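Okay, here's what each chain looks like letter by letter:
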Amino acid sequence: MPARVWIEDLWNYVGKEVVVRGWIHRLRILGGINFALVRDRSGVVQVVDEKKLLSDFRHENVVEINGEVIEEKRAPGGIEIRLKGVKLLGEVYYESHLPVQIYSDRSVSRLKLETLLKYRVLTLRNPRQRAIFKVLNTVVDAFREYLKNLKFTEIHTSKIVASATEGGAELFKIDYFGKKAFLAQSPQFYKQIMVGVFERVFEVGYVYRAEKHDTPRHLNEYLSLDVEIGFISGLEDLLELETGLLKHIFKKVREENEEELKLFNAQVPDIEEIPRLTIKEVTGILKREFGKPIIGLDLDTEGERLITDYVRKRWGSELVFVTHYPLSKRPMYTYPDPSNSELSLSFDLIFRGLEITTGGQRIHDYRMLVEKIEERGLNPDDFSYYLDAFKFGMPPHGGFAIGAERLVSKILNLPNIRMASLFPRDRHHLCP
RNA sequence: GGGGCUGUAGUUCAGCCUGGUUAGAACGCCGGCCUGUCACGCCGGAGGUCGCGAGUUCAAAUCUCGUCAGCCCCGCCA
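These numbers come from a predicted model, not from an experiment.

Colleague: Please clarify how the layout of surface pockets should be interpreted in this entry.
Modeller: Gaps between atoms show up when a probe of the same size as a water molecule is rolled over them. In this model, the largest pocket occupies a volume close to 1400 Å³. Around the largest pocket, the lining comprises 49 residues; the ones closest to its centre are Arg 209, Asp 348, Glu 355, Thr 358 and Arg 406. For the lining of the largest pocket, the secondary-structure elements that each account for two or more residues are α5 (188–198), β11 (221–230), α9 (301–315), β16 (346–351), β17 (354–362) and β18 (397–403). It is β17 that contributes the most residues to the lining of the largest pocket, nine residues altogether. Per-class residue counts for the lining of the largest pocket are 17 nonpolar, 17 polar and 15 charged.

Colleague: Quick question: what am I supposed to make of the environment of Glu 72 here?
Modeller: Tracing the sequence through the fold places Glu 72 in the loop between β4 (62–71) and β5 (79–90). The residues contacting Glu 72, other than those within four sequence positions of it, are Gly 78, Ile 79, Glu 80 and Arg 82. Among the polar contacts made by the side chain of Glu 72, one reaches the main-chain amide nitrogen of Arg 74 at a distance of 2.9 Å.

Colleague: Is there a simple way to think about the environment of Thr 323 in this case?
Modeller: Along the chain, Thr 323 falls in strand β13 (residues 319–323). Considering only alpha carbons, one finds Thr 323 and Gly 353, 30 residues apart in sequence, at a separation of 16 Å.

Colleague: Hey, could you run me through the domain arrangement of chain A in this one?
Modeller: Quite often, the size of an interface is put as the accessible area lost when its parts meet. Assigned domains within chain A: domain 1 (7–90) and domain 2 (127–420). Here domain 1 and domain 2 have C-alpha centroids that lie 46 Å from each other.

Colleague: Any chance you could explain the packing of helix α4 (residues 127–149) against helix α12 (residues 404–412) here in plain terms?
Modeller: What describes two packed helices is the angle between their axes and the distance between those same axes. Interaxial distance between α4 and α12 falls to 10 Å at its minimum, and their mutual angle equals 120°. In this view, α4 runs oblique relative to α12, as classed from their interaxial angle. Along this stretch, α4 crosses α12, giving a crossing that reads as right-handed. Between α4, through Ile 132, Val 135, Leu 136 and Val 139, and α12, the contact on the second element is made entirely by Ala 404, Leu 407, Val 408, Ile 411 and Leu 412. A per-class count over the contact of α4 with α12 returns nine nonpolar, no polar and no charged.

Colleague: Teacher, can you tell me more about the sheet that holds strand β10 (residues 200–208) here?
Modeller: Across a sheet, paired strands are connected by hydrogen bonds in the backbone, their directions being either parallel or antiparallel. Strand order in the open sheet made by the eight strands is β6-β10-β11-β18-β17-β16-β13-β12, with mixed pairing throughout. Single-partner strands in this sheet number two, and they are β6 (153–154) and β12 (276–278). Where β13 and β16 come together, five bridges link them in antiparallel fashion. Bridged to Thr 323 within β16 is Phe 347.

Colleague: In this structure, what is going on with the confidence of the model for chain A? I would like to understand it.
Modeller: Low pLDDT means the predicted coordinates in that region are not meant to be read closely. Mean pLDDT over chain A stands at 90; residues scoring 70 or higher make up 98%. The lowest-confidence element of chain A is helix α1 (residues 105–109), averaging 83 in pLDDT; the highest-confidence one is β6, averaging 97. As scored by the predictor, the complex reaches a pTM of 0.90 and an ipTM of 0.80.

Colleague: Sorry, what's going on with the protein's contact with RNA strand B here?
Modeller: Residues in contact with RNA strand B amount to 50 residues; listed here are only the nearest, Arg 28, Pro 99, Thr 301, Ile 356 and Arg 406. The sugar-phosphate portion of RNA strand B accounts for 58% of its atoms within 4 Å of the protein, the bases making up the rest. Contact between RNA strand B and Gln 46: a base oxygen at 2.7 Å from a side-chain N or O atom of the residue. Side-chain polar atom of Arg 209 to a sugar or linking oxygen of RNA strand B: 2.7 Å apart, as the coordinates give it. Looking at the surface near RNA strand B, the elements with two or more residues in it are β1 (17–29), β3 (43–49), β5, α2 (113–118), α9 and β17.

Colleague: Please explain a negative patch on the surface as it appears in this structure.
Modeller: Together, Glu 236, Glu 240, Glu 272 and Glu 273 make up a negatively charged patch on the protein surface. The topology assignment puts Glu 273 in the loop between α7 (258–263) and β12.

Colleague: I'm lost on the nonpolar core in this one. Help?
Modeller: Counting residues in each nonpolar core, the largest one holds 71 residues, and the members touching the most others are Leu 246, Leu 407, Ile 411 and Leu 412. Broken down by element, the residue count for this core peaks at ten residues, all from α4. Setting aside anything within four residues of it in sequence, one finds Leu 246 in contact with Ile 271, Ile 274, Leu 319, Leu 349, Ile 402 and Leu 407.

Colleague: Which parts of the structure should I look at to understand the sheet that holds β3?
Modeller: Spatially, five strands are ordered β1-β2-β3-β5-β4 in a closed barrel, and the strand pairing comes out mixed. When strand polarity is set aside, the average angle formed by the axes of neighbouring strands in this sheet is 50°. As defined by bridge partners, β3 adjoins β5 across three bridges and the pair is classed as parallel. In the sheet register, Gln 46 faces β5, and the bridge partner there is Glu 80.

Cut-offs used in this document
Residues numbered from 1 in each chain as written. Chains lettered and ligands numbered in written order. Predicted model: local features only at pLDDT ≥ 70, side-chain atom pairs only at ≥ 80, totals over all residues. Heavy atoms only, no water. 1 Å grid on protein atoms, 1.4 Å probe; cavity = no way out; pocket = protein on both sides within 12 Å on 5 of 7 lines; lining within 4 Å. Points joined across faces, edges and corners; volume = space filled by probe spheres on them. Helix = DSSP H or I, 4+ residues; strand = E, 2+ residues; numbered from the N terminus. Nonpolar A, V, L, I, M, F, W, Y, C, P; charged D, E, K, R; others polar. Contact = heavy atoms within 4.5 Å. Polar contact = N/O pair within 3.5 Å; in protein donor to acceptor, adjacent residues only side chain to side chain. Domains from an automatic or database assignment. Axes fitted to C-alpha atoms, helices over the stretch in contact; angles between N-to-C directions. Parallel < 35°, antiparallel > 145°, perpendicular 65-115°, else oblique. Left-handed = near helix turned anticlockwise from the far one by under 90°. Pairing = 2+ DSSP bridges. pLDDT = per-residue confidence, 0-100. Near = heavy atom within 4 Å. Patch = residues over 30% accessible without salt bridge, like charges linked within 9 Å, V, L, I, M, F, W, Y side chains within 5 Å. Areas by Shrake-Rupley, 256 points an atom, 1.4 Å probe, with all protein chains shown as cover. Salt bridge = Lys/Arg side-chain N within 4 Å of Asp/Glu carboxyl O. Lys, Arg positive; Asp, Glu negative; His and termini not counted. Charge placed at Lys NZ, Arg CZ, Asp CG, Glu CD. Core = buried A, V, L, I, M, F, W, Y, C linked by side-chain atoms within 4.5 Å. Buried < 20%, exposed > 50% of the residue type's maximum accessible area, 1.4 Å probe, protein only.

Quick look at the structure:
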């Protein structure tokens, strides 16, 4: 018996007999012939069953089939397997029908989000749903690959923390052997501390926000792609780093997820330079071009969309860096702009109307940091372990974080970020 | 935290405004026919606590109130 062949490799076996293992994706029983679609990790293939061996099989049965690979114009995808034999590897135990049809991309894409998530174990098997996570996988791989080439070290920091890092955001409280603890909202402090060790670090990890928002772009647990780099000479170094990083991520997605992108009719931007605007310039443009009143130096959801439209028209870019936010709107560790103490060396990256990154240069001087903590009415003693790193010498540094699900949502034009999380944790979903 | 909306078959929805016999459609499912299906086709069939509770009424999916669940927008964030 020949070894198992992946469905994606069947073109190399035309005219040969192969063994394929997978699931009965779709079964169509006609008078004297059956057509089945069989699905494995790599794809779906039509199986022609002239001996009616599959007549009593059911959707999602796990099978091993063998037969000859035939090039056939009438087959979907131009290739099919003439069934010679089938073995049942896994039984199914549902009554009459699956709760949702997963063989049809069209019917899966018409499901209400609630239903899509309720039957997540099934709906994820749909090739189009599965494609989202292949893209996410490429994004994470490309992120790692690019940074490792630049001598970054991947770190893994604790998600159980004693105190807030940035204040403001709501935290999940947990009981830690009788002590009050929290789920980390960001690896911020730890990645900065690790700049004192490795100079260049990144982390791929979940972070937690207990905010009771319920929108198509928020999750209470999301995958944060965190970067922190030492010995920078300014904000520009960070913008350049992220530009190169995204260029690489987009290139990889384009190369490795052609099929997946097609399923979503998605175009990945081909970036050269990402336009850079200060928040002051942005609010000016919004007022001038769209008559939007300025309410402080900040961007609301509508503003993010409008500036995206403007940048797209003006420079043909779907991404834009917005820089130099007011210091007061940024966390206490943010480096003040030397040319205007009201502003900060910070930035957001907006992609197709959505903020996918926040970053900036950090304060690296111990005294300055203590000062800023006190200015905000916080107690430096609460940050002693963090401050110790600075007491013992830190280089000028900065970093940023990319929201992985947001990035993937925007690449694929998903209507809701929850679709980019396998088992999303939002206000209403703790299970599955 | 503020505002808007939805809940009817396994799924996606119509019916509600203007109350009236047995609540419909499409897809899916079951049985029959069909050797090129791929939105197959044809014949037959099963499937409903109209989210839940109360009220108004001769009569409620439909009107009113309450309640639970979900969706969208804003704020805040990645």
